[in-house]
Structures are given as C-alpha cells and as structure tokens.
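Structural description and commentary
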Amino acid sequence: MDKGVKAYANCFSSLFELIGNPKILEDAKKVHDYFLQSTCRSDLRLNNKEIEMYVKCASTTDARVFDHMPDRNTDSWHLMINGYADNGLGDDGLQLFEQMRELGLKPNEQTFLAVLSACGSAQATEEGFIHFQSTESEYGISSGIEHYEGLIGLKSILRKKLPFEPTAEIWEALRNYARIHGDVDLEDYDEELMIDLDPSKAVAYKIPTPPPKKRTAISMLDGKNRISEFRNPTLYKDDEKLKTLKAMKGGGYVPDPRYVLHDIDQEAKEQALLYHSERLAIAFGLISTPARQTLRIIKNLRVCGDCHNAIKIISRIVGRELIVRDNKRFHHFKDGLCSCGDYW
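Residues numbered from 1 in each chain as written. Predicted model: local features only at pLDDT ≥ 70, side-chain atom pairs only at ≥ 80, totals over all residues. Heavy atoms only, no water.

1. So, the nonpolar core
- Membership of the largest hydrophobic core comes to 37 residues, with the highest contact counts inside it found for Phe-12 and Ile-51.
- If you list the elements that add at least two residues to this core, you get α1 (9-18), α2 (25-36), α3 (44-56), α4 (74-86), α5 (90-102) and α6 (109-122).
- Core analysis: the second largest hydrophobic core is formed by 21 residues, Tyr-259, Ala-281, Ile-313 and Phe-333 among them. (Core = buried A, V, L, I, M, F, W, Y, C linked by side-chain atoms within 4.5 Å. Buried < 20%, exposed > 50% of the residue type's maximum accessible area, 1.4 Å probe, protein only. Helix = DSSP H or I, 4+ residues; strand = E, 2+ residues; numbered from the N terminus.)

2. Some words on helix α13 (residues 305-318)
- Along its 14 residues, α13 runs 20 Å from first to last C-alpha, staying within 8% of the 20 Å computed at 1.5 Å per residue.
- Counting buried residues along α13, 10 of its 14 residues qualify, which places the element largely inside the surrounding structure.
- Buried residues along α13 sit against α11 (266-273), α12 (277-288), β4 (322-325), β5 (330-334) and β6 (337-338).
- Phi turns positive, to about 65°, at Gly-319, one or two residues after α13. (Expected span 1.5 Å × (residues − 1). Contact = heavy atoms within 4.5 Å.)

3. Quick word on the packing of α5 against α6
- Interhelical geometry of α5 versus α6 gives an angle of 145° and a closest axis separation of 7 Å. Here α5 and α6 pass one another in a crossing that is left-handed. Note on element contacts: α6 touches α5 through Thr-111, Phe-112, Val-115, Ala-118, Cys-119, Ser-121 and Ala-122, opposite Gly-90, Asp-91, Gly-93, Leu-94, Phe-97 and Met-100.
- Residues belonging to the contact of α5 with α6 are distributed by class as follows: 8 nonpolar, 4 polar and 1 charged. (Axes fitted to C-alpha atoms, helices over the stretch in contact; angles between N-to-C directions. Left-handed = near helix turned anticlockwise from the far one by under 90°. Nonpolar A, V, L, I, M, F, W, Y, C, P; charged D, E, K, R; others polar.)

4. Quick look at the packing of aromatic side chains
- Across all of its chains, the model carries 6 aromatic pairs by this definition.
- For the pair Phe-16 and Phe-35, a centre-to-centre distance of 5.3 Å together with 85° between the ring planes defines the contact as edge-to-face. Of this pair, Phe-16 sits in helix α1 while Phe-35 is found in helix α2, placing the two residues 19 residues apart along the sequence. In this structure, Phe-16 and Phe-35 share a single accessibility class: buried.
- Here the aromatic cluster, defined as three or more aromatic residues joined through ring pairs, consists of Phe-12, Phe-16 and Phe-35.
- It is Arg-72 that lies over the ring of Phe-66; its NZ or CZ is 4.3 Å from the centre.
- For Arg-325, the ring lying beneath its charged end belongs to Phe-330, and the centroid distance is 4.7 Å. (Phe/Tyr/Trp six-rings, centres within 6.5 Å; stacked < 30°, edge-to-face > 60°. Lys NZ or Arg CZ within 6 Å of the ring centre and 35° of its normal.)

Rendered as structure tokens:
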C-alpha cells in the first residue's frame, strides 16, 4: 500500500484481524491511516473490526474511532464497553452504557454481559446487582447462566444460592476468587467441586505422576521493532542482572510459594518464582529500552498471583507502565497498581 496499491474491504477485514495484538500497535495505526483513505471507510462491519483491533492492542484511546463512526450498531457499543472492561477501565465502560441508554438504544442480552463485565472491572458491586435486576424488571430479558457467571466477580454473589446447578466454570470462577483473597480452604473446596464436574480441569492445576506433557509458559516482549521470546525454564537462569529483582523485597514484595507446585524447600521456591517467563521478559525490557518507555508483554498462560504482586511493585520502583496480556485479560500496571483491581 506504500506504493499506491489500493486495498479493498476483504483486505482490510483480514488486516484488522491479524493485527489485533499489543505487540504491533504501530502497525495497527498504519492500517488505520490507509483505511481512512479507502472507499470502504464508512463500512460498519469494518469499523467494528477496527475497534476490536485497537482493543486487542490494549489501546482504548485509539479505539475511540468509535466516536467518529458515521453509523453504529449495538455491536459497536458492546465492543467498546467490553474493551474498557478488559483493560481495567470499567468505569469508562459504565459511562458509555449510560450514553447508550440516553440515546434511547435498547440493551439486549449481550449488552448486559458487557455491563456486568465492566462492573466487575470497576468493582462496582451494588451497581452490578442493580443492572442485573433491571435485565428482567425493566427490559424483560431472562438472565442466563452467562449473566450469573458475570456476577461472580461481584463479591456479594459469592456463596449465595443460584437458581440452577452451578457449572464447572462457575466453581472455577469462585475458586479463582478465593485464591486471590487468600482463602486456601475455600479455594480447595471450590476446586474439588469443579473437578467433580469436569475432571479435565485438574490437569492445569495439579501435577500428576508421571507428569503429562504440559504447555510451556512463554512471554513475549515488544520492543525495538522486534519480538523477544522468554520461556520458563530458560538459559537466562544465571544472568546476574536478574538478581536485581531481589530488590523488590525492599519495596514490600513477599514471595508467595503457593504458586510453585514442585516439591522443593522454601528458599528454592522463592528462587523459582524469579524465573517465571513474564519476569524474565520485564527484566530484559528494563535493561534494553529507554527509561520510562512502556513495556508490552504477552503471556500464553494466566499470570500467577505472585507475579501479579511482583509486577505491581516493579512498576512503582521503575516508574514505568507495564502492560501484560495473559490468556484472560489485559493488565495495566502503573505506580504500584493494576487496572484489574486484583481480580482476573
């Protein structure tokens, strides 16, 4: 396209899908520029795909191309509300929902799934229940299992009796919530019920003997127009520069050995935590990029609770924004806090 070749709708559709990744945000902006010069720039479906691309690139600011769309449908609103929720900006998502209602647009089942997600992101417990109750009382929408699952992040629903038999996914969500809040007994109880319903979920959290082939944790760092990949365990294990991470203890970091499943002593567990792939990627990024530059990390597995706490402290120590995309959501770490509000 730099040479004047014209791209058509199908081409832009493919590009928007391919570039939905935080590590190539600059490429997304280039495609956006070409799209504005094209004859299909008013295509509603393509505009929605562009919003989705920017959301997946962890850039809700750029996703506000939404504001300049000549036409919008409910999918456009859902994409923006979910995009804010996924990036820890639930309050912005809820404000957008209010704008949607003020314009007289009628919410549907998918709208309230997005709204509940935004409430969970913003930790707006009471507001979440108000919206949940309004689905049927105000809009005549029957709540499904997905809507109840959306309430799991709102702690008031925890342990309340549901009007149906909980699924394995609901017990998994409850287990994750108990883990985040350090309730080991409740975590074990929920995990047992989850595995009773879906034994396959035990593989991801328990190490049987002999261990089956498992996925290797991989983190990728975007920087200097190249992607660096870090695996755990890695050959960087003896790198002296990684020892600087121990300074985190002075910033309030307390290692949580629960996230090391191997049968080794306490000191060895604390050492093992230092070599999780996302920490290796961050350590390399800190020594190979200019000061204050935002680091963007992509991880193929869910970030563990210990790494989550550690990265919050690192962001405060180094004064940088650290964006980590795991297999659940985006985490924007800045000034010792995470956009997810410690729920993911």
